[in-house]
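# Structural characterization, general
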Amino acid sequence: MLLIRNIGELILFETEAAPMLNTAGLRRITDAYVTIEDGRIVALGADADCVALEWFDVVDAGGGCVVPGLVDFHTHTVFAGTREHEFVMRIEGRSYAEVAEAGGGIRTTVKSVREASEDELVALALPRLARMLSYGVTTVEIKSGYGLSVDGELKMLRAAKRLGELQPIEIVGTYLAAHTVPAEFSDRREAYLDLVCSDELMGTVVDEGLAEFCDVFTERTAFSIDESRRVLLAGKERGLIPRLHADQITQIGASRLAAEVGAMSADHLETIDDGGIEAMKAAGVVGGLLPGCSWYLGVEQAPARKMIDAGLPVALATDFNPGSSVVESLPLCMNIACTQMKMTPAECLIGATANAAAAINRGGRLGAIREGMQADLVILDVPNLERWMYEAGRNCVRTVIKNGVVVHDCDGTGIGD
Ligand code: NIG
Ligand code: FE
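Residues numbered from 1 in each chain as written. Chains lettered and ligands numbered in written order. Predicted model: local features only at pLDDT ≥ 70, side-chain atom pairs only at ≥ 80, totals over all residues. Heavy atoms only, no water.

Across all of its chains, the model carries 3 cavities of 30 Å³ or more by this definition. Of the pockets and cavities examined, the largest cavity occupies roughly 100 Å³. Residue lining of the largest cavity: 13 residues in total, with His76, Tyr96, His179, Asn321 and Ser324 positioned closest to the centre. For the lining of the largest cavity, the per-class residue count stands at 4 nonpolar, 7 polar and 2 charged. Within this model, the second largest cavity holds a volume of roughly 80 Å³. As for the second largest cavity, its lining consists of Met20, Leu21, Asn22, Thr23, Ile308, Leu312, Pro313, Val314, Glu347, Ile350 and Asn355. Of the residues that constitute the lining of the second largest cavity, the class distribution is 7 nonpolar, 3 polar and 1 charged. (1 Å grid on protein atoms, 1.4 Å probe; cavity = no way out; pocket = protein on both sides within 12 Å on 5 of 7 lines; lining within 4 Å. Points joined across faces, edges and corners; volume = space filled by probe spheres on them. Nonpolar A, V, L, I, M, F, W, Y, C, P; charged D, E, K, R; others polar.)

With that settled, consider the domain arrangement of the protein chain. The domain boundaries assigned to the protein chain delineate domain 1 (2-68 + 368-409) and domain 2 (71-359). With centres defined by C-alpha atoms, the gap from domain 1 to domain 2 works out at 29 Å. Contact residues are listed per partner, giving 28 residues for domain 1 and 25 residues for domain 2. Taken over both partners, the interface formed by domain 1 and domain 2 buries close to 2200 Å², and the fraction arising from carbon and sulfur atoms is 75%. One salt bridge connects Lys402 with Glu170, and the closest N-O pair in it is separated by 3.7 Å. At the surface where domain 1 touches domain 2, the tally comes to 5 residue pairs in polar contact (both at pLDDT 80 or more). Contributions of two or more residues to the side of domain 1 that touches domain 2 are made by strand S1 (2-13), strand S2 (26-37), strand S5 (65-68), helix H16 (385-390), strand S15 (397-402) and strand S16 (405-409). Counted by class, the side of domain 1 that touches domain 2 contains 18 nonpolar, 6 polar and 4 charged residues. (Domains from an automatic or database assignment. Contact = heavy atoms within 4.5 Å. Buried area = accessible area lost by both parts, 1.4 Å probe. Salt bridge = Lys/Arg side-chain N within 4 Å of Asp/Glu carboxyl O. Polar contact = N/O pair within 3.5 Å; in protein donor to acceptor, adjacent residues only side chain to side chain. Helix = DSSP H or I, 4+ residues; strand = E, 2+ residues; numbered from the N terminus.)

What follows concerns the nonpolar core. Tyr175, Leu289, Met334, Met343 and Trp388 are the most contacted members of the largest nonpolar core, which totals 123 residues. No other element matches the 7 residues that helix H5 (residues 150-166) contributes to this core. Contact partners of Met343, with chain neighbours within four places excluded, come to Leu289, Ala304, Arg305, Ile308, Val314, Leu316, Ala337, Cys338 and Cys348. In terms of nonpolar packing, the next biggest core, distinct from the first, is built from 19 residues, Leu2, Leu10, Ile369 and Leu377 among them. (Core = buried A, V, L, I, M, F, W, Y, C linked by side-chain atoms within 4.5 Å. Buried < 20%, exposed > 50% of the residue type's maximum accessible area, 1.4 Å probe, protein only.)

This brings us to the coordination of the iron ion (ligand 2). In the first shell of the iron ion (ligand 2), the protein supplies His74 (NE2), His76 (NE2), His245 (NE2) and Asp319 (OD), at 2.1 to 2.3 Å from the metal. In the primary sequence, the donor residues of the iron ion (ligand 2) line up as H-x1-H-x168-H-x73-D. Taken together, the residues His76 in the loop between strand S6 (70-72) and helix H1 (84-91) and His245 in strand S10 (residues 241-246) connect sequence positions 169 residues apart. Classification of His76 as buried rests on a relative accessible area of 3%. Classification of His245 by relative accessible area gives buried; the value is 3%. (Donors = N, O, S within 2.8 Å, 3.2 Å for Na, K, Ca; no water.)

Here His268 shows up in strand S11 (residues 265-268). Classification of His268 as buried rests on a relative accessible area of 2%. Excluding anything up to four places from it in sequence, His268 contacts His245, Ala246, Gln248, Gly288, Leu289, Leu290, Cys293, Ala302 and Asp319.

The subject of this paragraph is the packing of helix H4 (residues 118-134) against H5. Between H4 and H5, the shortest axis-to-axis distance is 9 Å and the interhelical angle comes to 50°. What the angle tells us is that H4 and H5 run oblique. The crossing of H4 and H5 is right-handed. When H4 is examined against H5, the residues Glu118, Asp119, Leu121, Val122, Ala125, Leu126 and Leu129 are found in contact with a partner set consisting of Lys155, Met156, Arg158, Ala159, Arg162, Leu163 and Leu166. In terms of residue class, the contact of H4 with H5 is built from 9 nonpolar, no polar and 5 charged. (Axes fitted to C-alpha atoms, helices over the stretch in contact; angles between N-to-C directions. Parallel < 35°, antiparallel > 145°, perpendicular 65-115°, else oblique. Left-handed = near helix turned anticlockwise from the far one by under 90°.)

Running from N to C, helix H6 (residues 189-196) and helix H8 (residues 225-237) cross one another at 20°; their axes reach a closest spacing of 10 Å. Here H8 runs roughly parallel to H6, going by the angle between their axes. Here H6 and H8 pass one another in a crossing that is right-handed. Contacts between H6 and H8 pair Arg189, Glu190, Leu193, Asp194 and Val196 from the former with Glu227, Arg230 and Val231 from the latter. Partitioned by chemical class, the residues of the contact of H6 with H8 number 3 nonpolar, no polar and 5 charged.

In this section: the site of ligand 1. Every one of the 15 residues lining ligand 1 counts as a neighbour, but Arg83, Tyr96, Tyr146, His179 and Ser324 are closest to it. One of the side-chain N or O atoms of Arg83 is found 2.7 Å from an oxygen atom in ligand 1. Protein coverage of the free-state accessible area of ligand 1, which is 320 Å², stands at 100%. More than half of the atoms of ligand 1 fall within 2 Å of the grid points belonging to the largest cavity. (Near = heavy atom within 4 Å. Areas by Shrake-Rupley, 256 points an atom, 1.4 Å probe, with all protein chains shown as cover. Sits in = over half its atoms within 2 Å of the grid points.)

Let us look at the packing of aromatic side chains. In total, this model carries 4 aromatic pairs according to the counting rule given. Centre to centre, the rings of Trp55 and Phe56 are 6.4 Å apart; their planes meet at 85°, and the pair counts as edge-to-face. For Trp55, a relative accessible area of 57% puts it in the exposed group. Accessibility expressed as a relative area gives 9% for Phe56, which makes it buried. Consider the rings of Phe79 and Phe320, whose centres lie 5.6 Å apart with planes at 70°: the pair is edge-to-face. Highlighted residues: Phe79 in the loop between S6 and H1 and Phe320 in the loop between strand S13 (314-316) and helix H13 (330-341), separated in sequence by 241 residues. (Phe/Tyr/Trp six-rings, centres within 6.5 Å; stacked < 30°, edge-to-face > 60°.)

Here's what the structure looks like:
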């Protein structure tokens, strides 16, 4: 049994509803304790009421705030190569779409990934995941989408699966062969879509249990609504849950398609319109917000306030990738959501925990501190949630507990008052 004592502020979500529509279910206990057994939270409450039995392993939170382990539900963490030249091109005035149309963008990373071995992809991703863990992230979704061939896509997803066995973060695989049309298929789009939906590729992904989700980049420069629908329905037929990169650069109806195919989330949404918000809300699709991406590209953020005020549940992720969001830190993205999207720290925490878990079909097990939930917890070196968000860019995480086990610990700089 593990006992965490001397918690300055424990953040609970009392509601079992996931995703959460607002902050009404969030409760704070000051001077609190939590006990953990077999990877589950078994008891919690005021520290004064804690009965510390002698066989407990005790962790002193030192007056720090304790929050649920963060869930980064949208990332492209498996990749090779870097694209800093595009970063400079954008500073000089080219847009993300212009860089992609000039043959850069995703296709540049495809070249690097095709040249890398599965072992190399694993070795490149391990330190990234170690840093994500140090920021308090305990679950990470990883997409394919830089292989765009049978070998390349399977290599990426097999690497992602192995990563789940090599380090503490739980890994969730997503099949994203429909990320862009690879150069060799440029004038044979239908043939590429046939391959994406084939037994050889999609079928193997399912047979080997490499992915739970099927994603499509639905965008003018990538796949049309009809093309996306075809891939998502083919995936659904094989048991892959649909999700989309939707309404990022141009408004072509992707959020409505997400509603139509019963997607679990539609992510980006920088150009979502009122009809898209209503359609997603009616169909129970989570609005996936990626504030680090718009921040990194220097473009307008998604209208988070409008979505939340309309009653659409939103989740937050990094979209960590080598092109549009070279941002590993989910807490930094939460801070950007505060300052640029006017989400409150409480809304950001819900977005990066309970709602993010719901967006990857894990709402009943992960993303909340409550009796019976999996014990994925983060001890911060600050006394409250607001202080964490207020300290932009500093890593305030002291200790990370995954499934009841301490998996990351650093001395921190002491708890502020
Ligand atoms: O989520 N939008 C499409 N895909 C990624 C970017 C991938 C890349 O540029 O390598 C995204 O932003
Ligand atoms: Fe993405």
